[in-house]
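Architecture and fold: a report
Listed here are the chains, written in short residue letters.
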Amino acid sequence: MIHILAPLARLSLTLFVPVAAALLLLAPQPAAAAYPCPGGPGPGEVQVGVSGGSHGVAAVPICDRAQGGGGGGGGGGVYYRYGAIAWHPDASDVWMEGSYDGPVTAERTALAACNRAMGGGCTSIGEWHNSSMMILRDRSGSLWSAWHGDGGVHSKKSQAECSARQLLPCEVLGTFSSSKNRHYAKASARKLYAAAAWVEGNEGFDGRLYIASGQREQAAAQRLALDACAAATRQRCALVALTGNGFIQTYLLGADDQSATFETSAKRAAQAAQANCTKRGQSCTLQRVYDSRTPGEFVHDFAAANR
C-alpha cells in the first residue's frame, strides 16, 4: 500500500503539490490474508507469526520448528500457547483469540467473531505461539501487524516503516500475547469515513476545502467530496484527505498557504500540522478540525476562517 509521506499543503503562487493519484495514495486497502510458511510448513514446522503486514501490504511469515510435536504439553517441558488475530479494512480494532494449546482453533474462532461483527470480509494475519503480536495504526486508520518475538526486532522494523510514511509515529493499538484469552473490537470500531477535496492546481483555486464525513464507505466519502468541489468550482478537483474514524485538521502554513492534514485524533491532527510547519520553518495557524464520525457535507473557507 502506498501512503503519503506528509500532509498536503497548497503553497500560494509558486508551489503546488500534485495529487492526481490521491485515490490510490490515500485509500486504506483490504487487510492482508494469512500467508503459509515457505515450502510448507514442513514436517514439524509451525507459523509463529508475521512481520510487516498491513492492510494491503504482504506480510512476511515467520516460522519455527515445533518442539515435542507442536501441541499441548510438548516434549522437553515446552508448553505451547497459540493465538490468532482477525481484522477487517472497515474496523479500527482487531479480534484476538488466544491461550489455545494447539493450532487452527484460535484462528478459526477469531475469524468467526470478526465476521459476526462485520457481516463478513474479515481476514487473519495468521497464528503464533509463545510470543506476542503488535498491532499498529497509521494516520489514516489502517492497521499494521508485527511479530513481537525475537527481542522485538520485527516489531521495531515495522514501527519504523509505518512511521516513515507520516509526520507522527504510528500508534501502538496493542501488543497481544498468545496466552491472552481474547480481545474483541467494540461496535464503535466500525469506521465512518471523511474525505476532503479541493481544486487541483493553482488555476481556478477558490480557497476552499470540500469535506464529506460520516460515511459508512470510503468510496462514498470520496465521491461526495469530489462532486461537491467540481459542482461548486467547475474545475478539476483532487482528493487531499481520507480518514476512517479520524480527524481532518485545516490550517495555514505561514501567512496564507492553505493546508490540511489528517490523523486518528483531533490532538494528533493538530500535532501533525504543527510538525509540518516546524519542519518547513513556518508559522502555523490552526483552523477548524473535522470529525469523520460527524455526518455532513462541509465547505471550509480558509480566508474566512482566518478573519
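In case you missed it, the structure is sitting above this.
Residues numbered from 1 in each chain as written. Predicted model: local features only at pLDDT ≥ 70, side-chain atom pairs only at ≥ 80, totals over all residues. Heavy atoms only, no water.

This next bit is on the state of the cysteines. This structure, assessed with the given rule, holds four disulfides. Covalently, C114 is tied to C122 through a disulfide, its sulfur atoms 2.0 Å apart. In this structure the cystine formed by C114 and C122 twists about its S-S bond by roughly -80°; its chirality is therefore left-handed. Exposure class is identical for C114 and C122. Each is buried. The partner cysteine of C162 in its disulfide is C170, sulfur to sulfur 2.0 Å. Its S-S torsion of about -85° marks the bond between C162 and C170 as left-handed, since a negative value means left-handed. Take C162: its relative accessible area is 1%, and that puts it in the buried class. (Disulfide = S-S within 2.5 Å. Buried < 20%, exposed > 50% of the residue type's maximum accessible area, 1.4 Å probe, protein only.)

One pass over the full model with this rule turns up four aromatic pairs. With a centroid separation of 6.2 Å and an interplanar angle of 35°, the aromatic rings of Y80 and Y82 are classed as tilted. The buried category is assigned to Y80, whose relative accessible area is 3%. Relative to F302, the ring of W198 has its centre 6.3 Å away and its plane inclined at 55°; by these criteria the two rings are tilted. Here W198 is found in strand β11 (residues 193–199), whereas its partner F302 is found in helix α6 (residues 302–305), with 104 residues between them in sequence. A residue is classified by how much of its surface remains accessible, and W198, at 3% relative accessible area, is buried. Pairwise contacts between aromatic rings join W198, F205 and F302 into one cluster. One Lys or Arg, R139, reaches over the ring of F262 and ends 3.9 Å from the middle of that ring. Of note, R288 hangs over the ring of F298, and the distance from its end group to the ring centre comes to 5.2 Å. (Phe/Tyr/Trp six-rings, centres within 6.5 Å; stacked < 30°, edge-to-face > 60°. Helix = DSSP H or I, 4+ residues; strand = E, 2+ residues; numbered from the N terminus. Lys NZ or Arg CZ within 6 Å of the ring centre and 35° of its normal.)

Attention shifts here to the pairing of strand β7 (residues 132–137). Most of β7 is tucked away, with six of its six residues classed as buried. Every second residue of β7 is oriented toward a common face, with S132, M134 and L136 on one face and M133, I135 and R137 on the other, all of them buried. Sheet topology places β7 next to strand β9 (residues 171–177); six bridges connect them, and they run antiparallel. When the bridges of β9 are listed, M133 appears paired with F176. Across five bridges, the pairing between β7 and strand β8 (residues 143–147) is antiparallel. (Pairing = 2+ DSSP bridges.)

Taken in spatial order, the four strands of this open sheet run β13-β11-β12-β17, and their pairing is antiparallel. For this open sheet the edge positions go to β13 (237–244) and β17 (296–301), each flanked by a neighbour on one side alone. Neighbour to neighbour, the strand axes of the sheet diverge by 20° on average, direction disregarded. Pairing of β11 with β13, which is carried by seven bridges, proceeds in the antiparallel orientation. Among the inter-strand pairings, A195 is bridged to a residue of β13, identified as L242. (Axes fitted to C-alpha atoms, helices over the stretch in contact; angles between N-to-C directions.)

Let's shift gears to the nonpolar core. Ranked by size, the top nonpolar core spans 13 residues in total, and within it A196, L209, I211 and I248 carry the most contacts. Counting residues per element, the ones that place at least two in this core are β11, β12 (208–215), β13, β14 (247–253) and β15 (257–263). By residue number, the principal contributor to this core is β11, which donates three residues. Ignoring anything within four residues of it in the chain, the contact list for L209 reads A196, A197, W198, V240, T250, A260, F298, V299, H300 and F302. By size, the runner-up hydrophobic cluster in this structure holds twelve residues, among which are A225, C237, L239 and L242. (Core = buried A, V, L, I, M, F, W, Y, C linked by side-chain atoms within 4.5 Å. Contact = heavy atoms within 4.5 Å.)

Among the structural elements, C284 can be located in strand β16 (residues 284–291). Note: C-alpha distance between C284 and D256 (28 residues apart in sequence) is 9.8 Å.

Read across the open sheet, the four strands follow the order β6-β4-β5-β10; overall the sheet is antiparallel. The outermost strands of the open sheet, each flanked by one partner alone, are β6 (123–129) and β10 (182–183). Packing of helix α2 (residues 105–118) onto the sheet brings it into contact with β4 (82–87), β5 (95–100) and β6, and relative to β5 it is tilted by some 155°.

This next bit is on the pattern of salt bridges. Considering all chains together, one arrives at seven salt bridges under this definition. Linking R182 and E97 is a salt bridge whose minimum nitrogen-to-oxygen distance equals 3.2 Å. Of this pair, R182 sits in strand β10 while E97 sits in strand β5, and the two are 85 residues apart along the sequence. Residue R182 is classed as partly exposed on the basis of its relative accessible area, which comes to 47%. In this structure E97 comes out as buried when scored by relative accessible area, which is 1%. Among the ionic pairs, R208 bridges to D301, the shortest N-O distance being 3.1 Å. Of the two residues, R208 is situated in strand β12 and D301 in strand β17; the sequence distance between them amounts to 93 residues. Under the relative-accessibility criterion, D301 is labelled partly exposed at 22%. Taken together, the shared-partner salt bridges connect R137, E171, E263 and R268 into one network. (Salt bridge = Lys/Arg side-chain N within 4 Å of Asp/Glu carboxyl O.)

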